[in-house]
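Geometric and topological summary
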Amino acid sequence: MKKIFLKPGREKSLKRRHLWIFSGAVGRVENGINSGDTVEVCDASGKYLATASYSATSQISGRVWSFDRNEVIDGEFFSRRIGEAVALRKNFGYWGDKTACRLIASEGDGISGLVVDKYADTLVAQFTSLGVERFKSEIVAALSRLDGVKTVYERSDLGVRRYEGLGEQTGLLWGVEPPEMIDFEEDSCRYQVNVRKGHKTGFYLDQRENRRLAGSLAAGKRVLNVFSYTGGFSVSCMKGGARAVVNIDSSREALKQAEKHLDLNHISTDRVDNLQEDAFNCMRKMLEQKEKFDLVILDPPKLIDGTGSITRGCRAYKDLARLGFSLLNKGGLLMNFSCSGLMTPELFQKITADGALDAGVDGQILRTLRQGMDHPVSLAVPESFYLKGLLCTCK
C-alpha cells in the first residue's frame, strides 16, 4: 500500500485518534497515489499511524478508516461498521418497520463522509467524500442486506462534494423506487417525508429528543415555531396540549406539508397559523405588534458554513436570540438552536446571553440540548458534535 508522510510534529491529532488529516499537515505523497485511494499515513520518520482515504483537492487530505495496520479496507470492513451502527440504534429502540433514525453518522460511526438516514423501509444515503464514493458499491451492498430494507436512495446533491472533485448525484441505488411520500412514526407522532426533494434527506431527525421535550413543555402554551420546515416541533407541541402554534417558514411547500402532518395526527388547523415569510422580518413585525408567546423555538438552518462566515453568522444568531427573548412572555421558554459545526457551545451560550441582554431580560439556562442519540459524537472528533441548543427562560 502506498504511503503519505506528515510534516514533523503534525502527528499529534492522529495519535489522539482524530479521523481527519488536513492538507497543511501533509509533507510528502508517494508517486502513483490518486484521489480516493486507500493509503498508509506515516509520520515524518516513516512510522505507521493510520490507514486512510486520500484526496488531493480537499482541505481534508485524509480521512482515517482504521488505526490498525492489519485491517483490510474492503466490503467486509464496511459491512462490519454498518452492522455496529445498526446494533447501536436497535439498542435505543430506533429500528422498526415504521421508525426513522440516522443509521450512519459519518465520523460518529467511523465511516467519515457517509450519512445514511432510515425512513421505515427506505434508506437515504449521502456520500460526501472520495473515500466513501470509491467504496459506494460495497456500502450499498451492505445496506441492501439489512433486515426490512426495500430501497437505498442517494441524495448526494451537496455542494461540499465539489471540494472532493465530485459532482452532485441523486437517484435509486438499490431496490424499488420510493413512493412520493414515505410514512414514518416518531414517538406517538406520524410524519411523511419526500426523500427526493426534501431538505438534506427529507427530515431533521437530529431533533427527535428536542421535539419530545418541546411537547412535554407545551401544555396550555402559545407556541412560536421559527424556521418550522414541515412542522415537526409543532405536531409535538399540539399533541402535548399547546393552546396555539404559529409556524414561520419561507417555503410554501414545507408549510403545506406541515398542514398535512397536522391532518395525519388528527390535529385541528384552527389553532395553527402558517406564515410564509422571512423569519427575521416576520419576528420584527410581531415585535412591533406587541405579540407575545409562552414558548419560542428557534431552529434556523446553518448560518455559519465556513470560517469566512463566522462573524456574519454570529450576528444573525444574536439577532434571532434577541427577537426570540423579546417575543417571550415573562417566565416563558426559549429553545434556541445552532446546527453550525463551527459554533462552539461556549460561543453559542455567549451569543444567546448577548441576545437576552439586548432584549432587556434576565435569562436563565434550564437545560443544554444536543443532537439525538442516533447522531453519536466521536470523542476524538469534537466536530461531529454539531447541533447545540439551550432551553432558556427569562424574568
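Now for a look at the structure at hand. (Residues numbered from 1 in each chain as written. Predicted model: local features only at pLDDT ≥ 70, side-chain atom pairs only at ≥ 80, totals over all residues. Heavy atoms only, no water.)

1. Comments concerning the overall build of the protein
Selection criterion: Think of it this way: any DSSP run of H or I at least four residues long counts as a helix, any run of E at least two long counts as a strand, and we number them from the N terminus. Relative accessibility under 20% of the residue-type maximum defines a buried residue, over 50% an exposed one, and the middle range a partly exposed one, all with a 1.4 Å probe and only protein chains included. Whether two residues are in contact is decided by their heavy atoms: any pair within 4.5 Å suffices. Residue-level accessible areas treat just the shown protein chains as cover; the underlying method is Shrake-Rupley with a 1.4 Å probe.
Within the protein, the regular secondary structure consists of 10 helices and 20 strands. Within the protein, buried positions represent 56% of all 395 residues. Of all intrachain contacts in the protein linking residues separated by at least 6 positions in sequence, the fraction that spans at least 24 positions is 62%. For the protein, the accessible area works out to roughly 17300 Å², and carbon and sulfur atoms hold 48% of it.

2. With respect to the layout of surface pockets
How we decide: Any residue with an atom within 4 Å of a point lines the site, the site being either a cavity, points on a 1 Å grid over the protein atoms alone where a 1.4 Å probe fits but cannot get out, or a pocket, an open set with protein on both sides within 12 Å along at least 5 of 7 lines. Grid points are joined across faces, edges and corners, and a volume is the space filled by probe spheres set on the points. For this scheme, ten residues count as nonpolar: Ala, Val, Leu, Ile, Met, Phe, Trp, Tyr, Cys and Pro. Four count as charged, namely Asp, Glu, Lys and Arg, and the remainder, Gly too, count as polar.
Considered as a void within the structure, the second largest pocket measures approximately 420 Å³ in volume. Residue assignment for the lining of the second largest pocket shows that the elements contributing at least two residues are strand S13 (189–193) and helix H7 (252–264). Per-class residue counts for the lining of the second largest pocket are 4 nonpolar, 8 polar and 6 charged.

3. Quick notes on the sheet that holds strand S8 (residues 114–119)
Applicable threshold: The rule for pairing is simple: two strands pair if DSSP sees at least two bridges between them. A fitted line through C-alpha atoms serves as each axis, taken over the contacting stretch for helices, and the angle formed by two N-to-C directions is quoted from 0 to 180°.
Ordered by their spatial adjacency, 5 strands build an open sheet running S7-S8-S9-S10-S11, and the pairing between neighbours is mixed. One side of each edge strand has no neighbouring strand; the edge strands of this open sheet are strand S7 (100–105) and strand S11 (169–175). The sheet shows a mean angle of 20 degrees between the axes of neighbouring strands, taken without regard to direction. Summarising the sheet, strand S9 (residues 122–127) and strand S10 (residues 151–156) pair through 4 bridges and their orientation is parallel. Its bridge partner lying in S10, Leu123 is registered against Val152.

4. Description of empty space enclosed by the protein
Under the defined criterion, the tally for this structure stands at 2 cavities of 30 Å³ or more. Computed from the structure, the largest cavity encloses a volume of approximately 100 Å³. Forming the boundary of the largest cavity are Phe203, Tyr204, Gln207, Arg211, Asn225, Phe227, Ser228, Tyr229, Thr230, Gly232, Phe233 and Asp299. In terms of residue class, the lining of the largest cavity is built from 5 nonpolar, 5 polar and 2 charged. Lining of the second largest cavity is provided by Ser53, Tyr54, Ser55, Ile60, Ser61, Gly62, Arg63, Leu130, Gly131 and Glu164. Within the residue set of the lining of the second largest cavity, elements represented by two or more residues are strand S5 (48–54), strand S6 (60–66) and helix H3 (130–134). Ranked by the residues each element gives to the lining of the second largest cavity, the list is headed by S6, at 4 residues.

5. Brief notes about the packing of helix H9 (residues 310–326) against helix H10 (residues 345–359)
Keep this limit in mind: Here is the rule for angles: anything less than 35 degrees is roughly parallel, anything more than 145 is roughly antiparallel, 65 through 115 is roughly perpendicular, and the remaining ranges are oblique. Here a crossing is called left-handed whenever its near helix is offset anticlockwise from the far helix by less than a right angle, and right-handed whenever the offset is clockwise.
Between H9 and H10, the least distance of the axes is 7 Å, while the angle of their chain directions is 50 degrees. In terms of their interaxial angle, H9 and H10 are classed as oblique. Relative to H10, H9 is oriented so that their crossing is right-handed. Here Cys314, Tyr317, Lys318, Ala321, Arg322, Phe325 and Ser326 of H9 come into contact with H10, specifically with Leu347, Phe348, Ile351, Thr352, Asp354, Gly355, Ala356, Asp358 and Ala359.

6. So, the pattern of salt bridges
Rules: Any Lys or Arg side-chain nitrogen located within 4 Å of an Asp or Glu carboxyl oxygen qualifies as a salt bridge.
Enumeration according to the criterion identifies 25 salt bridges in this entry. With its nearest N and O atoms 3.0 Å apart, the salt bridge here joins Arg196 to Glu177. Taken together, the positions of Arg196 in the loop between S13 and helix H5 (208–217) and Glu177 in the loop between S11 and strand S12 (182–186) put the pair 19 residues apart, joining distant regions of the chain. The class for Arg196 is partly exposed, based on a relative accessible area of 31%. A relative accessible area of 49% means that Glu177 is categorised as partly exposed. Here Asp187 ties to Arg212 by a salt bridge, and the two come within 3.0 Å at their closest N and O atoms.

7. Quick look at helix H8 (residues 279–288)
We apply this condition: The directions from the helix axis to the C-beta atoms form the arc being described. The definition of a polar contact used here is a pair of N or O atoms within 3.5 Å, where within protein one atom must be able to donate a hydrogen and the other to accept one, and adjacent residues in sequence count solely through side-chain atom pairs.
Inspection of H8 places Ala279, Phe280, Cys282, Met283 and Met286 among the buried residues, and these make up the whole buried set. One side of H8 carries all its buried residues, which in axial view fall inside an arc of 165 degrees. Those residues of H8 hidden inside the fold are in contact with strand S14 (222–226), strand S15 (244–249), strand S16 (272–276), strand S17 (293–298) and H9. Near the N-terminus of H8, the side chain that reaches the backbone nitrogen of Phe280, with its oxygen 3.2 Å away, is that of Asp278. Following H8 by one or two positions, Lys290 adopts a phi angle in the positive range, close to 60 degrees.

8. Some words on the packing of aromatic side chains
Put simply, the test is: Side-chain rings of Phe, Tyr and Trp, where Trp is taken by its six-membered ring, are said to pair if the distance between their centres is within 6.5 Å; with planes under 30 degrees apart they count as stacked, over 60 as edge-to-face, and otherwise as tilted. A positively charged side chain is recorded as over a ring if its NZ (Lys) or CZ (Arg) lies within 6 Å of the ring centre. The angle to the ring normal must also be within 35 degrees.
On inspection of all chains with the given rule, the structure shows 15 aromatic pairs. Taken together, a centroid distance of 5.0 Å and an interplanar angle of 85 degrees make the contact between Phe77 and Phe78 edge-to-face. Comparing Phe77 with Phe78, the two get one shared label, buried. Seen in terms of ring centroids, Phe184 and Tyr191 are 5.8 Å apart; in terms of plane orientation they differ by 35 degrees. Their pairing is tilted. Of the residues examined, Tyr191 reaches a relative accessible area of 0% and is grouped as buried. The structure contains a cluster of three or more aromatic residues connected by ring pairs, namely Trp65, Phe77, Phe78 and Phe135. Sitting over the face of the ring of Phe127, Lys136 holds its NZ or CZ atom 5.0 Å from the ring centroid.

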